Amino acid sequence: MSNTHSPAFQIALKALEGSSEISASKFWDGGNKNQIEIMTALDCPQDNLATHSTIGLSNYSLLQQGNETGIRVEIIGACAKKFEDFADVISTLAFCVINSKWFCAPGVVFPEVVAAHGLSQTLSDIYFMPPFLWGDGFNEAKKITMDGKKLTWLQAIPISRAEANFAQNNGPLKLEELLEKNQVDIFNLERSSVI
């Protein structure tokens, strides 16, 4: 792993300790121009789950409407271990930020990212929110700055197109309430849409 001394690597390693195995893989974009490392922690945050986090996305500027924000971001997600290719989704999210300059923040949806990898018949999009599965593990990032920008993590939650439309029409907090009310298994890429 080439980013072992980066603040992002150190924070992720500490937050994911207790997993049965931690590894890293490099992913390249479609044009082999940019690469991103994905840290994978097995049996984290609980048995039979896998956590995947970007390491190095925070080296790139996060733009909103063409203007640089005061934030550097890493993306993290978790799913059942049987969905081995979910790390591909996390890397695609990173390349949407790096190459396509997509803005991500809590409540933002990246459309068709899950669908592009064919991992689900029911879920197509990714919804971003602050990470909550790993306790306070990623709060340490709030104390770190990179090039004068605050470092933070966003959790990627797979959702359906109908759920994404619901968030757009009713607001992201209403979607979160709906997912919680229906006790949605966010780790299951085969789950049904709640709408």
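As shown above, the structure is provided for reference.
Computed from a predicted structure; not experimentally measured.

(A) Local environment of the overall build of the chain. Each helix and strand counted, the chain has five helices and ten strands in total. Relative to its length of 195 residues, the chain is compact, with a C-alpha radius of gyration of 16 Å against a globular reference of 16 Å. Along the three orthogonal principal directions, the C-alpha set of the chain runs to about 45 × 40 × 35 Å. When each of the 195 residues of the chain is scored for burial, the buried share is 48%. A separation of at least 24 residues holds for 60% of the contacts in the chain among residues at least 6 apart in sequence. Accessible surface computed for the chain: about 9,500 Å², of which carbon and sulfur atoms make up 46%. Positive and negative side-chain charges in the chain, numbering 15 and 22 respectively, have mean positions lying 7 Å apart.

(B) Geometry of the packing of aromatic side chains. Per the counting criterion, the structure on display carries four aromatic pairs. Aromatic pair tryptophan 102 and phenylalanine 110: ring centres 4.8 Å apart, planes at 90 degrees, arrangement edge-to-face. Overall, the relative accessible area of 32% leaves tryptophan 102 in the partly exposed class. On the numbers, 4.8 Å between centres and 80 degrees between planes, the contact of phenylalanine 110 with phenylalanine 128 is edge-to-face. Of this pair, phenylalanine 110 sits in strand 7 (residues 109-110) while phenylalanine 128 sits in strand 8 (residues 125-129), and the two are 18 residues apart along the sequence. Joined through ring pairs, the aromatic side chains of Trp102, Phe110 and Phe128 make up one cluster.

(C) Region of the structure containing the nonpolar core. Ranked by size, the top nonpolar core spans 33 residues in total, and within it Leu93, Phe110 and Phe128 carry the most contacts. Secondary-structure elements contributing two or more residues to this core are strand 2 (35-42), strand 6 (71-80), helix 2 (86-98), helix 3 (113-116), strand 8 and strand 10 (149-159). Counting residues per element, this core draws most heavily on helix 2, which supplies ten residues. Among residues more than four places away in sequence, those in contact with phenylalanine 110 are Leu93, Cys96, Val97, Trp102, Phe103, Cys104, Asp125, Ile126 and Phe128.

(D) A look at the environment of alanine 162. Secondary-structure assignment places alanine 162 in helix 4 (residues 161-170). Residue class for alanine 162 comes out partly exposed when judged on its relative accessible area of 28%. Along the chain, alanine 162 and alanine 115 lie 47 residues apart, while their C-alpha atoms are 13 Å from each other. Once residues lying within four places of it in the same chain are set aside, the contact partners of alanine 162 are Ser193 and Ile195.

(E) Broad picture of the layout of surface pockets. Of the volumes computed, that of the largest pocket is approximately 270 Å³. Residue lining of the largest pocket: 17 residues in total, with Pro130, Pro131, Thr152, Trp153 and Leu154 positioned closest to the centre. When residues of the lining of the largest pocket are traced back to their parent elements, those giving at least two are strand 6 and strand 10. At three residues, the largest contribution of residues to the lining of the largest pocket is made by strand 10. Here the lining of the largest pocket is built from residues that sort into twelve nonpolar, three polar and two charged. In terms of lining, the second largest pocket is formed by Tyr127, Met129, Phe132, Leu133, Ile157, Glu176, Leu179, Glu180, Val184, Ile186 and Phe187. Broken down by secondary-structure element, the contributors of at least two residues to the lining of the second largest pocket are strand 8 and helix 5 (172-181). Residues belonging to the lining of the second largest pocket are distributed by class as follows: nine nonpolar, no polar and two charged.

(F) The arrangement of the pairing of strand 1 (residues 21-28) in detail. With eight bridges connecting them, strand 1 and strand 2 associate as antiparallel partners. Looking across to strand 2, one finds that serine 23 is bridged to threonine 40.

Criteria and cut-off values
Residues numbered from 1 in each chain as written. Predicted model: local features only at pLDDT ≥ 70, side-chain atom pairs only at ≥ 80, totals over all residues. Heavy atoms only, no water. Helix = DSSP H or I, 4+ residues; strand = E, 2+ residues; numbered from the N terminus. Rg over C-alpha atoms; globule rule 2.2 N^0.38 Å. Buried < 20%, exposed > 50% of the residue type's maximum accessible area, 1.4 Å probe, protein only. Contact = heavy atoms within 4.5 Å. Areas by Shrake-Rupley, 256 points an atom, 1.4 Å probe, with all protein chains shown as cover. Lys, Arg positive; Asp, Glu negative; His and termini not counted. Charge placed at Lys NZ, Arg CZ, Asp CG, Glu CD. Phe/Tyr/Trp six-rings, centres within 6.5 Å; stacked < 30°, edge-to-face > 60°. Core = buried A, V, L, I, M, F, W, Y, C linked by side-chain atoms within 4.5 Å. 1 Å grid on protein atoms, 1.4 Å probe; cavity = no way out; pocket = protein on both sides within 12 Å on 5 of 7 lines; lining within 4 Å. Points joined across faces, edges and corners; volume = space filled by probe spheres on them. Nonpolar A, V, L, I, M, F, W, Y, C, P; charged D, E, K, R; others polar. Pairing = 2+ DSSP bridges.

By themselves, these observations are geometric and do not establish any function.
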